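# Examination of the molecular architecture
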Amino acid sequence: MDEATAFTDQENEEKIQQSIAALTKGKTLLVIAHRLSTVRGADEIAFIDQEGIREIGTHEELMQKDGEYAALCKAQATLQSAGLDGAFPSDSGE
């Protein structure tokens, strides 16, 4: 699945995530996402960039590591609280 909630508002994102969870219970699901709220409840998250796998763990484990995943989560939360939900930093670092 590739970014099922990329262009939805928060209310519809939650509905989509609930539907996906119900449909995939007991199954393996591979999710590729830029919006990290999409993967927050996953059993395992692999944070990958152009160099490969950088971090692996649950959301809580990765937040405790305070690495790249945590930094991106914090940046997205800041954008969301500023009303810029759906706007993400570019891949070029700008």
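Residues numbered from 1 in each chain as written. Predicted model: local features only at pLDDT ≥ 70, side-chain atom pairs only at ≥ 80, totals over all residues. Heavy atoms only, no water.

Attention shifts here to the overall build of the protein. Helix and strand counts for the protein stand at three helices and two strands. Along the protein, helices (α) and strands (β) appear in the sequence α-β-β-α-α when read from the amino end. Taking all 94 residues of the protein together, the buried fraction comes to 20%. Contacts spanning at least 24 positions in sequence make up 37% of the contacts within the protein whose residues lie at least 6 apart. Counting only carbon and sulfur atoms, one obtains 53% of the accessible surface of the protein, whose full area is about 6800 Å². (Helix = DSSP H or I, 4+ residues; strand = E, 2+ residues; numbered from the N terminus. Buried < 20%, exposed > 50% of the residue type's maximum accessible area, 1.4 Å probe, protein only. Contact = heavy atoms within 4.5 Å. Areas by Shrake-Rupley, 256 points an atom, 1.4 Å probe, with all protein chains shown as cover.)

On to the environment of Q17. Structurally, Q17 can be placed in helix α1 (residues 10-24). Under the relative-accessibility criterion, Q17 is labelled partly exposed at 25%.

The subject of this paragraph is helix α3 (residues 68-81). Here α3 is 14 residues long and its end C-alpha atoms lie 20 Å apart, about the 20 Å a rise of 1.5 Å per residue gives. Each element contacted by the buried residues of α3 is listed here: β1 (45-49), β2 (52-57) and α2 (59-65). The first or second residue beyond α3 is G83, which carries a positive phi of 80°. (Expected span 1.5 Å × (residues − 1).)

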